[in-house]
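Here is how the chains run, residue by residue.
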Amino acid sequence: MKDNRLDDLKRQYNNTPIPEELDDLVRKSVEESRKNISRKNRFKNQIRAISSIAAGVTILTIGVNVSPSLAQSLSRVPVISGVVKVLTFKEYKVDEEKFNANIKVPKIEGLENKQLENSLNKKYLEENKKLYDTFMSDMEELKKNGGGHLGVDSGYEVKTDTDKILSIGRYEVNTVGSSSTTIKYDTIDKKKQLLITLPSLFKDERYINIISENIISQMKEEMKKDESKTYWIHTENDKEEVLAEAFEKIKKDQNFYINSDSKLVISFDKYDVAPGYMGTQEFVIPTKIISDILVSNEYIK
């Protein structure tokens, strides 16, 4: 005979009413669990979103520096406020057997002072467009006259990029038989959104002689330590020899930048103060010799 006791026990269990207090507790527990799961999912989604943005920024930064066409298209994309970047906006290239041009045009993005940003970018574009047009004209002229060799390499380098200072160097190397090299610098106060000039750093024009005397002193010291170095300056060994191109003093608006150590660096183009084999020249100026004539120690320390 079949034993129905097990079936009876199941029916009793299923028909047993659940106390209201226990029923409420179960519902609250379920709801709390769902909330926790929802929070975790939201947190995970936020992490995924942040990671995606970070990855996207990395990929875009690489892409802009590699691809000029991508850089041009991105020029219309808003930049996150407070982030100042220097990108390759446009590139001119000529690659022939005897004629080579590689001209990269920088573009600043992220300055709140759009007048300053636009004026600098306009200057960079106009300078490099003129350089390219001149190269193409000279190349065609050389081809008409039987050929020759011609080359130009122009680009930029971010020398300093701190919370306060952005210094950009734009170089130009021309090759026609021998080569010449020029470098121009722009130094920007990113917080005050202004372009820093050499005269603006000092109380008066005494800086011209003070800095010039220090540079000559550095040149003499370098020549004593290394006989392979030569600067066009007057020395005790000149006797009756007179150097027509001898360096005596910097220009009022001499090329300069502020390095990451908050030091003033004076720059000279190739052939300015030394023979061509010496290349371009830079001199770090000791702050102690100019501290008394600085307007403030905001930039130079």
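Source: prediction; values computed, not measured.

Asker: Is there a simple way to think about the sheet that holds strand S8 (residues 264–268) in this case?
Answerer: Hydrogen bonds between backbone atoms are what pair the strands of a sheet, whose relative direction is either parallel or antiparallel. Pairing is antiparallel in the open sheet, where three strands are placed in the order S7-S8-S9. Of all strands in the sheet, those with a lone pairing partner are strand S7 (256–258) and strand S9 (281–285), marking the two edges. Averaged over all pairs of adjacent strands, the angle between strand axes in this sheet comes to 25°, irrespective of strand direction. With three bridges connecting them, S7 and S8 associate as antiparallel partners. Within S8, the residue paired with phenylalanine 256 across the bridge is isoleucine 266.

Asker: Looking at this model, I keep getting lost on the sheet that holds strand S5 (residues 178–189). Mind explaining?
Answerer: Pairing is mixed across the open sheet formed by six strands, whose spatial order is S1-S2-S3-S4-S5-S6. Strands at the two margins of the open sheet, each flanked by one partner only, are strand S1 (85–95) and strand S6 (194–196). Between one strand axis and the next, the sheet turns through 25° on average, direction left out of account. Of the pairings in the sheet, the one linking strand S2 (residues 99–109) to strand S3 (residues 150–161) comprises five bridges and is parallel in character. Pairing of alanine 101 across the sheet is with valine 152, part of S3. Sheet strands touched by helix H4 (residues 114–144): S1, S2, S3, strand S4 (165–176), S5 and S6. Its angle to S2, the strand with the most contacts, is close to 170°.

Asker: Explain the pattern of salt bridges here, please?
Answerer: Here the idea is simple: oppositely charged side chains can pair when their charged atoms come close. Counted according to the given criterion, the structure contains 16 salt bridges. Between lysine 129 and aspartate 133 there is a salt bridge, with its nearest N and O atoms 2.8 Å apart. Of this pair, lysine 129 and aspartate 133 are both found in helix H4, four residues apart, which corresponds to roughly one turn of the helix. Lysine 129 gets classed as partly exposed once you look at its relative accessible area, which sits at 36%. Overall, aspartate 133 belongs to the partly exposed group, its relative accessible area being 35%. A salt bridge links lysine 229 to glutamate 222, with the nearest nitrogen and oxygen atoms 3.1 Å apart. Note on lysine 229: relative accessible area 29%, which makes it partly exposed. Taking the relative accessible area as the measure of exposure, glutamate 222 reaches 21% and is therefore partly exposed. Residues participating in the shared-partner salt-bridge network are Lys123, Glu127, Arg170, Lys184 and Asp186.

Asker: Can you help me understand the side chain of serine 154 in this one?
Answerer: As for its placement among the helices and strands, serine 154 is situated in strand S3. Polar contacts involving the side chain of serine 154 include one to the main-chain carbonyl oxygen of tyrosine 171, which spans 3.1 Å. The contacts of serine 154, once residues within four sequence positions are left out, are Asn102, Ile103, Lys104, Asn128, Leu131, Tyr171 and Glu172.

Asker: Would you take a moment to explain unusual backbone geometry for this structure?
Answerer: Most of the time, phi is negative for any residue but glycine, and the peptide bond is trans. Here the phi dihedral of glutamine 193 falls at roughly 60°; this positive angle occurs in a residue that is not glycine. Examined against the element boundaries, glutamine 193 turns out to sit in the loop between S5 and S6. Even without being glycine, serine 262 reaches a positive phi, approximately 65°. As for its position among the elements, serine 262 is in the loop between S7 and S8.

Asker: Quick question: what am I supposed to make of H4 here?
Answerer: Quick reminder: α-helices carry 3.6 residues per turn. Residues three or four places apart thus point the same way. Here H4 spans 45 Å end to end across 31 residues, near enough to the 45 Å set by a 1.5 Å rise per residue. Packing partners of the buried residues in H4 comprise S1, S2, S3, S4, S5 and S6. A distance of 3.3 Å separates the backbone nitrogen of glutamine 115 from a side-chain oxygen at the start of H4, and that oxygen is part of asparagine 113. Glycine 146 sits one or two residues past H4 and shows a positive phi near 100°.

Asker: I tried to follow the confidence of the model for the protein on my own but got confused; where do I start?
Answerer: Mean pLDDT over the protein works out to 81, with 69% of the residues at or above the 70 mark. Predicted confidence is poor over residues 46–81, with pLDDT under 50, and the contacts of this stretch with residues over four places away or in other chains come to 23 contacts.

Asker: Where do I start with helix H5 (residues 206–225) in this structure?
Answerer: Its 20 residues give H5 an end-to-end C-alpha distance of 29 Å, which sits within 8% of 28 Å, the value for a rise of 1.5 Å per residue. When we look at burial in H5, the residues that qualify are Tyr207, Ile208, Ile211, Ser212, Asn214, Ile215, Ile216 and Met219.

Asker: In this structure, what is going on with the pairing of S1? I would like to understand it.
Answerer: A regular strand carries its side chains on alternate faces of the sheet. Where S1 and S2 come together, ten bridges link them in antiparallel fashion. Looking at S2, one finds that valine 86 is bridged to isoleucine 108. Linking two consecutive strands that pair antiparallel, namely S1 and S2, is a turn of three residues.

Parameters at a glance
Residues numbered from 1 in each chain as written. Predicted model: local features only at pLDDT ≥ 70, side-chain atom pairs only at ≥ 80, totals over all residues. Heavy atoms only, no water. Pairing = 2+ DSSP bridges. Helix = DSSP H or I, 4+ residues; strand = E, 2+ residues; numbered from the N terminus. Axes fitted to C-alpha atoms, helices over the stretch in contact; angles between N-to-C directions. Contact = heavy atoms within 4.5 Å. Salt bridge = Lys/Arg side-chain N within 4 Å of Asp/Glu carboxyl O. Buried < 20%, exposed > 50% of the residue type's maximum accessible area, 1.4 Å probe, protein only. Polar contact = N/O pair within 3.5 Å; in protein donor to acceptor, adjacent residues only side chain to side chain. Expected span 1.5 Å × (residues − 1). pLDDT = per-residue confidence, 0-100.

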